[in-house]
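Residue-level structure breakdown
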Amino acid sequence: MKILVVNAGSSSLKYQLIDMTDESVLAKGICERIGATGSISHKVADGRKFEADIPMPTHTEAFQCLVEALTQGELKVIDSMSEISAVGHRIVQGGAIFSQSTLVDDQVIEDIAGLADLAPLHNAAHVLGIKACIAALGKDVPEVVVFDTSFHQTMPPKAYMYPIPYEYYEKYKVRRYGFHGTSHRYVSDRCAALMGKDKKDIKMITCHLGNGCSISAIKDGVCIDTSMGFTPLDGFMMGTRTGSMDPSVLTFIAEKEGMSPKEISDMCNKQSGLLGVSGLSNDARDVNSAAREGNQRAKLAVEMQRYEVAKFVGSYAAAMNGVDAVVFTGGIGENDLRMREYVCGQLGYLGVVIDPERNKSQGKEVELSTTASKVKIWVIPTNEELVIARDTLALISK
Ligand code: ADP
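Residues numbered from 1 in each chain as written. Predicted model: local features only at pLDDT ≥ 70, side-chain atom pairs only at ≥ 80, totals over all residues. Heavy atoms only, no water.

1. Observations regarding the site of the ligand
Around the ligand, a shell composed of 13 residues is seen, among which Asn-211, Asp-283, Ala-284, Arg-285 and Gly-331 lie nearest. Between an oxygen atom of the ligand and a side-chain N or O atom of Asp-283, the distance comes to 2.4 Å. Summarising the interface, the protein chains cover 69% of the accessible area of the ligand, which totals 590 Å² for the free molecule. Elements with a minimum of two residues in the shell around the ligand: α10 (284-292) and α12 (330-335). A class-by-class count of the residues in the shell around the ligand yields two nonpolar, eight polar and three charged. (Near = heavy atom within 4 Å. Polar contact = N/O pair within 3.5 Å; in protein donor to acceptor, adjacent residues only side chain to side chain. Areas by Shrake-Rupley, 256 points an atom, 1.4 Å probe, with all protein chains shown as cover. Helix = DSSP H or I, 4+ residues; strand = E, 2+ residues; numbered from the N terminus. Nonpolar A, V, L, I, M, F, W, Y, C, P; charged D, E, K, R; others polar.)

Here it is as structure tokens:
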């Protein structure tokens with residue numbers, strides 16, 4: 001059985017075709033610059049790939065390109081789209097409506113579109129992606145939606161409420177939602193499996209550190225707190241995002257610079273974080289190497305991010321009255337040994353001991369903690385597409 005996983009953004013459409021008999025990826029790719037020039041990059045399992053500039057005025061044309069890439073030419077992996085049993089879509093914001101993945105119908109599409117207020121960049125694009133997919137494949141192919149937020153719907157009100165006048169929660173649903181849920185779910189399930197224990201019996205902290213970063217606290221098998229909030233801006237310093245800070249900084253700068261709410265939002269989302277502090281790049285590799293060469297602002301940026309990660313992990317250990325396992329994932333979590341070394345060093349008071357040799361490993365599933373460590377430390381590469389494909393399979397098999 002083959003399942004297509006689709007992640008539609010405002011100007012891009014990522015896809016993976018997964019064969020669920022062995023969960024292998026048959027092909028994957030990305031259509032980019034939708035609405036402008038348009039291009040596709042398509043790769044098959046043996047590593048062969050092609051790239052082409054193709055006009056894509058809308059997501060419909062992008063989806064058509066994807067169909068052609070999968071079914072035509074030298075790098076085709078299926079003869080026709082009828083070989084695809086179902087499609088799983090990644091959806092960023094499910095609000096308080098969706099606490100789990102679900103089959104798509106007209107009401108579901110309406111609900112996702114209705115949540116666009118809470119995720120303006122994402123949900124509208126997801127709806128375009130779903131509609132383009134239905135137009136290409138017809139209504140008989142089941143479509144499933146998997147939400148970044150649903151894993152976090154188990155948080156108690158004391159974790160998801162903001163200390164602002166209650167009326168804004170009632171009027172506008174302003175609260176913490178949390179994101180990266182499919183990643184936190186995947187690595188926490190995998191961590192429990194690797195430890196040979198029931199997830200319910202492990203107090204876990206999962207650190208998804210990529211361009212976007214979030215940390216979750218998982219207790220009794222469910223998420224009880226997470227760092228991203230009302231939007232993916234909350235939490236701690238990321239590639240281009242601020243994370244949490246004193247809100248007065250923003251009103252102060254807005255007044256001094258005469259900036260609009262939109263300009264302030266852009267500053268916090270696109271010009272801050274590693275990029276804003278270093279003035280060089282949002283990419284941790286670039287900032288790390290500049291820091292190693294002695295660039296002081298790059299060094300500061302790197303130190304600030306590591307410090308904040310350690311603080312979040314410590315605060316979640318307190319929130320759970322202990323921690324049994326910490327997991328690192330995402331591009332930085334999977335590869336940046338100095339981030340892991342620093343964070344684990346700061347957790348010495350919890351009895352964390354890691355093996356420096358094992359910490360040299362990059363992009364692989366590995367336990368970093370030694371037998372002497374009171375807390376297990378794992379690196380687990382995330383696989384959000386696989387979670388989406390598995391949820392899709394589970395829902396269509398019901
Ligand atoms: P996204 O959030 O866009 O999915 P990723 O999870 O792919 O991002 O993570 C991207 C981040 O991971 C970038 O900041 C990149 O620099 C960082 N990264 C990748 N490889 C390394 C490495 N070897 N050392 C440090 N950072 C790395």
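2. Some remarks on the layout of surface pockets
Rolled over the atoms, a probe with the dimensions of a water molecule shows which regions are left empty. Computed from the structure, the second largest pocket encloses a volume of approximately 300 Å³. Every residue lining the second largest pocket is counted, 16 residues in all, and those nearest its centre are Ser-99, Gln-100, Ser-101, Arg-185 and Asp-391. Going through the elements one at a time, α6 (181-195), β11 (222-226) and α14 (384-397) are the ones with two or more residues in the lining of the second largest pocket. Looking at the lining of the second largest pocket element by element, the count peaks at three residues for α14. (1 Å grid on protein atoms, 1.4 Å probe; cavity = no way out; pocket = protein on both sides within 12 Å on 5 of 7 lines; lining within 4 Å. Points joined across faces, edges and corners; volume = space filled by probe spheres on them.)

3. Side note on the sheet that holds strand β14 (residues 376-379)
With mixed pairing, the six strands of this open sheet are ordered in space as β11-β10-β9-β12-β14-β13. Only two strands of the sheet have a single neighbouring strand rather than two, namely β11 and β13 (366-367). Pairing between strand β10 (residues 213-219) and β11: four bridges, direction antiparallel. Note that in β11 the partner of Lys-219 across the bridge is Val-222. Seen against the sheet, helix α11 (residues 296-319) touches β9 (204-209), β10, β11 and β12 (325-329) and runs at an angle of roughly 15 degrees to β10. Taken strand by strand, helix α13 (residues 337-346) contacts β9, β12 and β14, and its axis lies near 160 degrees from that of β12. (Pairing = 2+ DSSP bridges. Contact = heavy atoms within 4.5 Å. Axes fitted to C-alpha atoms, helices over the stretch in contact; angles between N-to-C directions.)

4. Focus on the packing of aromatic side chains
The full count for this structure, using the stated rule, is seven aromatic pairs. Considering the side-chain rings of Tyr-160 and Tyr-169, the 6.5 Å spacing of their centres and the 40 degrees angle between planes classify their relative orientation as tilted. A relative accessible area of 13% places Tyr-160 in the buried class. Of the aromatic side chains, those joined through ring pairs into one cluster are Tyr-160, Tyr-166 and Tyr-169. The ring of Tyr-160 carries Arg-175 above its face, with NZ or CZ at 3.6 Å from the centroid. (Phe/Tyr/Trp six-rings, centres within 6.5 Å; stacked < 30°, edge-to-face > 60°. Buried < 20%, exposed > 50% of the residue type's maximum accessible area, 1.4 Å probe, protein only. Lys NZ or Arg CZ within 6 Å of the ring centre and 35° of its normal.)

5. Notes on a nonpolar patch on the surface
Side chains of Ile-164, Tyr-168 and Tyr-172 sit close together on the surface and give an oily, nonpolar patch of about 290 Å² of accessible area. Along the chain, the position of Tyr-172 falls in helix α5 (residues 167-172). Residue classification places Tyr-172 among the partly exposed positions, given a relative accessible area of 48%. (Patch = residues over 30% accessible without salt bridge, like charges linked within 9 Å, V, L, I, M, F, W, Y side chains within 5 Å. Salt bridge = Lys/Arg side-chain N within 4 Å of Asp/Glu carboxyl O.)

6. Overview of the pattern of salt bridges
One pass over the full model with this rule turns up 20 salt bridges. For the salt bridge of Arg-176 with Asp-234, the shortest nitrogen-to-oxygen distance reads 3.3 Å. Here Arg-176 is found in the loop between α5 and α6, whereas its partner Asp-234 is found in the loop between β11 and α7 (247-257), with 58 residues between them in sequence. In this structure Arg-176 comes out as buried when scored by relative accessible area, which is 13%. Note that Lys-270 is salt-bridged to Asp-266, the shortest N-O span being 3.5 Å. Of this pair, Lys-270 and Asp-266 both sit in helix α8 (residues 261-270), separated by four residues, roughly a single helical turn.

7. What about the nonpolar core?
Formed by 56 residues in total, the largest nonpolar core has its most connected members in Ile-112, Ile-205, Leu-209, Ile-215, Val-313, Val-326 and Ile-377. Element by element, the count of residues in this core is highest for α11, at eight residues. Look past the residues within four positions of Val-326 in its chain and what remains in contact with it is Ile-205, Cys-207, Val-313, Leu-347, Val-375, Lys-376, Ile-377 and Trp-378. Core analysis: the next-biggest nonpolar cluster, separate from the first, contains 29 residues, Ile-34, Ile-78, Val-87 and Val-141 among them. (Core = buried A, V, L, I, M, F, W, Y, C linked by side-chain atoms within 4.5 Å.)

8. Structural notes on the packing of α10 against α11
One can describe the packing of α10 onto α11 by two numbers: an axis separation of 7 Å at closest approach and a directional angle of 120 degrees. By the angle between their axes, α10 is oblique relative to α11. In this structure, the crossing between α10 and α11 has a hand that is left-handed. Contact residues: α10 offers Val-287, Asn-288, Ala-290 and Ala-291, while α11 offers Ala-298, Lys-299, Ala-301, Val-302 and Arg-306. (Parallel < 35°, antiparallel > 145°, perpendicular 65-115°, else oblique. Left-handed = near helix turned anticlockwise from the far one by under 90°.)

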